[in-house]
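Descriptive structure summary
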Amino acid sequence: MQRTGDDVDGLGRLAGAAEVSLAETALAEVALGTVRPAARSIEAFLASVERRAWRVAEIALNDADEALDAVQDAMFRLVRHYSAKPAEEWPLLFWGILRRRITDLQRRRTVRNRILVWTGRARLDEDGDQLPAWDAPDSGPDPARAYLSKQALAAMSRAVRKLPRRQQQAFLLRVLEGLDVAGTAHVMGCSEGSVKTHLSRALDALRGQLEAWR
Amino acid sequence: MKTSPDNQARDRNIDYGLMQHARALHDYACEHIDAGTRTKLAVARREALAAKERRPHRMIWLPATGAAAACALVIGLALFKPQAENPAAPQTQAVSTGDAELPLNADTQQFDLYQNLDFYQWLAQQPQTHANPRGGRQ
């Protein structure tokens, strides 16, 4: 996205604003053009969202199979309980279900890891993260770019996973999925002010790692 | 903590680049998911939609199954209740354990007879030539 002169002039007016406003202003530029049209059927909606949902779940859970389980469970629950709702409500309902499912899995894993550490059977290799599932490097038009993107995504995923849970959710929903503040607040079950605070703190934590993603 | 306008402008630039790059990376990654995962996601979607179509049939059979189970329970209770409330057999069994020689249907009036059975057998074997107490012959 090309920056304009208005952005530069606007920096002066932002001089006394809080960091929350800075983050939101920057995000407003990134978020332009991310509004997606409502799907006509529940099947079309699921087909349009399943890949992004799986990728978000994989970043949060660092496990492809658990991410698939979480997405599948969210699909089941949306179809079973909310398919009669208006199509405009499906995205927030779906992301809300998926967020709760991911949180459940994260908590369950935390308990399991504590038990394993207590019994002395845990694997404590922090750098043993698996690279995300990806197409074979020679199947794309530019294998070098695919490889670099793969490495960059792995670095970003590691950085996001180190965030506290609420900051992680705010970053995934607001930045990666492009939900607006009100929608993110609805999905996270908190106020819009809390969303801004969580996102601002997440960006503070991630700011120093930007170079690793490039 | 207050930061200077220059620092805020720098942070804003970093945030802008960070979020733009993260979004682009995420979009690219979502478009390049491996074929196996894409297939699994499609299967999961179809199963979720199929489960919705199966659900009404389950809802129809649920009350019928419950009613059938309730009927079977009532019939079972009606059949087994009389036997459970009949105390005769256990009481007879309890009396019979008092003396192994007594028959199962012995009641209390004949109890003395069976206890002095030897005496009555001896009495029956005696010749019937005894004098009548009133002086007559039998």
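Above this text is the structure in question.
In what follows, the accompanying structure is described. Small disclaimer: the values here were computed from a predicted structure and weren't measured.

Re the overall build of chain B
From N to C terminus, chain B includes five helices and zero strands. Starting at the N terminus and ending at the C terminus, chain B contains elements arranged as α-α-α-α-α. As presented, chain B carries roughly 10800 Å² of accessible surface, and 58% of it is formed by carbon and sulfur atoms.

Describing helix H3 (residues 42-61) of chain A
The sharpest bend along H3 of chain A comes to roughly 40°, located at valine 49 of chain A. Taken across its 20 residues, H3 of chain A has 15 buried, putting it largely inside the fold.

Some thoughts on the packing of aromatic side chains
Each aromatic ring pair is summarised here by two numbers: the centre-to-centre distance and the angle between the ring planes. All names here are of chain A. Counted by the stated rule, this structure contains five aromatic pairs over all chains. Their ring planes at 80° and their centres at 5.8 Å tell us that phenylalanine 94 and tryptophan 95 sit as a pair that is edge-to-face. Residue phenylalanine 94 is classed as buried on the basis of its relative accessible area, which comes to 0%. Ring pairs connect the aromatic residues Phe45, Trp90, Phe94 and Trp95, which therefore count as one cluster.

Re the side chain of glutamate 177 of chain A
Summarising the element assignment, glutamate 177 of chain A is placed in the loop between helix H7 (165-176) and helix H8 (181-188). According to the relative accessible area criterion, glutamate 177 of chain A is buried, its value standing at 2%.

Side note on unusual backbone geometry
Residues and elements named next belong to chain A. Even without a glycine there, the phi angle at asparagine 62 is positive, about 55°. As for its position among the elements, asparagine 62 is in the loop between H3 and helix H4 (64-82). The partly exposed category is assigned to asparagine 62, whose relative accessible area is 25%.

What counts, and where the lines are drawn
Residues numbered from 1 in each chain as written. Chains lettered and ligands numbered in written order. Predicted model: local features only at pLDDT ≥ 70, side-chain atom pairs only at ≥ 80, totals over all residues. Heavy atoms only, no water. Helix = DSSP H or I, 4+ residues; strand = E, 2+ residues; numbered from the N terminus. Areas by Shrake-Rupley, 256 points an atom, 1.4 Å probe, with all protein chains shown as cover. Bend = angle between axes of the 7 residues up to and from the residue. Buried < 20%, exposed > 50% of the residue type's maximum accessible area, 1.4 Å probe, protein only. Phe/Tyr/Trp six-rings, centres within 6.5 Å; stacked < 30°, edge-to-face > 60°.

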